[in-house]
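Structural description and commentary
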Amino acid sequence: MNRPLVGTLATAVLGAAALVGTAGTAGAAPLPGKAATASDAAAAKGAAHISAAPAKAGQHTKAVDFAGTVALSNCSGSIVKMPTSKETDKALVMSNGHCLESGMPGAGEVLVDQPSSRSFTVLDAKAGDLGTIKATKVAYATMTDTDVSLYETGSTYADIQQKYGIKPLELATEHPAKGAAITVVSGYWKKTYSCKVDGFVHELKEGDWTWKDSVRYTPECQTIGGTSGSPVLDDATGKVAAINNTGNEDGEKCTVNNPCEVDESGNVTVHKGTNYAEETYGIPKCFAAGNKLDLSQDGCTLPKPSGARR
């Protein structure tokens, strides 16, 4: 996974990275998986504030910046809205399921309506820290079929815009397209990665977890520890097409930090150095008016909480 930063090594890495203005908030909770390394900090230092690739002649794209993104204590995230969200609705923050402050959900585990007081640092367009917003609960989180957490905050979208001048990012409702230009925007490292959708993975397996219909990046998106939870923006629309979550680091087969691809026939392949994201276009179908989670709605395919942690 583009796992959370953990332990004392993360503190040391962030201390060095802060000197070049690339690091976000420090102090990650210990979670399973490998800690960020000095090479992660070096990668962030060498490519901080990378801009989206310039558009080709005749191609219309949205300007991609950091507005709408947030930094967590150990990951990246974004303030998101559904197409039906209103300014008076409580704002949602999206990150990965494996970025939860309570630890990674087990395979098959789904969390709903869990109390949370987690804080998120709101960024401006140039990745400057504006202030914080705070969660009231984890509305939904899982690492089954996808890797997502959605926090409900105590602030409305109107509150955030009035205080910080920031509007939320909108979740796309269409399946991303192969070859689409995309940008991964990391609020933690205050860095972006630009590439294209290389294709889609029937099943992506990593350790105990399996994700379905994952996005595979072209090689330009070399995401690192701390980019977990970053929104993946479609450059043409500016909407969120997916959420960054993992990559094969060492060439191992289906182990933690080394996901493998499984096709419809069960054939397994490994692509060392390749990174991935989980699609988000189905999430709006699971939220009703007022940004309220409703997993019983028509078209909602998010896993339901049988045996959820409560």
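Remember, it's a predicted structure, so these values are computed and weren't measured experimentally.

**Remarks on the overall build of the protein**
- Per the secondary structure count, the protein includes three helices and 18 strands.
- For the protein, the residues scored as buried account for 52% of the 310 residues in total.
- Look at the contacts in the protein between residues 6 or more apart in sequence, and 69% of them connect residues 24 or more apart.

**Details of the environment of threonine 227**
- If you trace the backbone, threonine 227 turns up in the loop between strand 11 (209-217) and strand 12 (231-234).
- Judged by relative accessible area, which is 0%, threonine 227 ranks as buried.
- Setting aside residues up to four positions removed in sequence, threonine 227 forms contacts with Asn2, Ser76, Ser186, Trp189, Tyr193 and Asn244.
- A polar contact is formed between the side chain of threonine 227 and the backbone oxygen of isoleucine 224, at a distance of 2.6 Å.

**So, the pattern of salt bridges**
- For the structure on display, the rule yields nine salt bridges.
- Measuring nitrogen to oxygen at the nearest pair gives 3.5 Å for the salt bridge that ties glutamate 101 to arginine 118. You can see glutamate 101 sitting in the loop between strand 3 (90-95) and strand 4 (110-115) and its partner arginine 118 sitting in the loop between strand 4 and strand 5 (119-123), a full 17 residues away along the chain.
- Classification of glutamate 101 as partly exposed rests on a relative accessible area of 33%.
- Residue class for arginine 118 comes out buried when judged on its relative accessible area of 7%.
- We note a salt bridge from glutamate 203 to lysine 205, for which the minimum N-O separation is 3.9 Å.
- Taking relative accessible area as the criterion, lysine 205 reaches 28% and is therefore assigned partly exposed.
- Among the charged side chains, a salt-bridge network with shared partners connects Asp198, Arg216 and Glu261.

**Brief notes about the nonpolar core**
- One finds Ile79, Met94, Phe120, Ile133 and Ile283 to be the most contacted residues of the largest nonpolar core, which totals 44 residues.
- Contributing elements (two or more residues each) for this core: strand 2 (76-81), strand 3, strand 4, strand 5, strand 6 (129-142), strand 7 (148-156), helix 3 (157-164) and strand 13 (240-247).
- Top contributing element to this core by residue count: strand 6, with five residues.
- Residue contacts for phenylalanine 120: discarding those within four places in its chain leaves Val70, Ala71, Leu72, Val93, Gly131, Thr132, Ile133, Ala135, Tyr151 and Thr153.

**Considering the state of the cysteines**
- Counted under the stated rule, the structure contains four disulfides.
- Each sulfur of the disulfide joining cysteine 254 and cysteine 260 lies 1.9 Å from the other. On the sign convention where negative means left-handed, the S-S torsion of about 100° between cysteine 254 and cysteine 260 marks this disulfide as right-handed.
- Overall, the relative accessible area of 0% leaves cysteine 260 in the buried class.
- Along the protein, the cysteines that take part in disulfide bonds pair up as 1-2, 3-4, 5-6, 7-8, counted in sequence order.

**Focus: the layout of surface pockets**
- Reported here for the largest pocket is a volume of approximately 400 Å³.
- In terms of lining residues, the largest pocket is bounded by 19 residues, among which Lys167, Pro168, Leu169, Glu170 and Gly238 are the most central.
- Elements with a contribution of two residues or more to the lining of the largest pocket: helix 3 and strand 8 (169-170).

Conventions used here
Residues numbered from 1 in each chain as written. Predicted model: local features only at pLDDT ≥ 70, side-chain atom pairs only at ≥ 80, totals over all residues. Heavy atoms only, no water. Helix = DSSP H or I, 4+ residues; strand = E, 2+ residues; numbered from the N terminus. Buried < 20%, exposed > 50% of the residue type's maximum accessible area, 1.4 Å probe, protein only. Contact = heavy atoms within 4.5 Å. Polar contact = N/O pair within 3.5 Å; in protein donor to acceptor, adjacent residues only side chain to side chain. Salt bridge = Lys/Arg side-chain N within 4 Å of Asp/Glu carboxyl O. Core = buried A, V, L, I, M, F, W, Y, C linked by side-chain atoms within 4.5 Å. Disulfide = S-S within 2.5 Å. 1 Å grid on protein atoms, 1.4 Å probe; cavity = no way out; pocket = protein on both sides within 12 Å on 5 of 7 lines; lining within 4 Å. Points joined across faces, edges and corners; volume = space filled by probe spheres on them.

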